[in-house]
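Analysis of the macromolecular model
What follows is the residue order along each chain.
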Amino acid sequence: METYLNFMLVRFGLIAGGLVVLALVVFAVALVLKRRGKLDQARRYAEPAARAALRATARFLEDGRSRGGRGRGR
């Protein structure tokens, strides 16, 4: 049991560390774009993709709830 808990703790630490690194990378990219004056241009390109991703995620979550939480195709 102790080995399993250690594995879960290490897994949580790796996931949390990965998310922190990802957030720092996104922040650094945004800072560089802002300093070069290209943040608005990047935002114009990224906005449609972000909206499409949010719509797809909402559809996926809505579909999962409507089937009793069993997910798609089960």
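Here, every reference points to the structure presented above.
Quick look at the structure, then. (Residues numbered from 1 in each chain as written. Predicted model: local features only at pLDDT ≥ 70, side-chain atom pairs only at ≥ 80, totals over all residues. Heavy atoms only, no water.)

Within the protein, the secondary structure is distributed over two helices and zero strands. Among the 74 residues that make up the protein, the fraction classed as buried is 3%. Of the roughly 7,000 Å² of accessible surface on the protein, a fraction of 65% belongs to carbon and sulfur atoms. (Helix = DSSP H or I, 4+ residues; strand = E, 2+ residues; numbered from the N terminus. Buried < 20%, exposed > 50% of the residue type's maximum accessible area, 1.4 Å probe, protein only. Areas by Shrake-Rupley, 256 points an atom, 1.4 Å probe, with all protein chains shown as cover.)

On to the pattern of salt bridges, then. For side chains of opposite charge, pairing can occur when their charged atoms come near one another. Taken as a whole and judged by the stated rule, the model has two salt bridges. When the shortest N-O distance is used, the salt bridge between arginine 43 and aspartate 40 registers 3.6 Å. Residue arginine 43 and its partner aspartate 40 are both found in helix H2 (residues 39–66); the two are separated by three residues, about one turn of the helix. As a salt-bridge pair, glutamate 47 and arginine 51 come within 2.6 Å of each other at their nearest N and O atoms. You can see glutamate 47 and its partner arginine 51 sitting in helix H2, four residues apart, about one turn around the helix. Classification of arginine 51 as partly exposed rests on a relative accessible area of 48%. (Salt bridge = Lys/Arg side-chain N within 4 Å of Asp/Glu carboxyl O.)

Now for a nonpolar patch on the surface. Among the surface-exposed residues, Met1, Tyr4, Leu5 and Phe7 lie close enough to one another that they form a single nonpolar patch of about 520 Å² accessible area. Locating tyrosine 4 in the fold gives a position in helix H1 (residues 2–36). A relative accessible area of 48% means that tyrosine 4 is categorised as partly exposed. (Patch = residues over 30% accessible without salt bridge, like charges linked within 9 Å, V, L, I, M, F, W, Y side chains within 5 Å.)

These results come straight from atomic positions and should not be treated as a statement about function.
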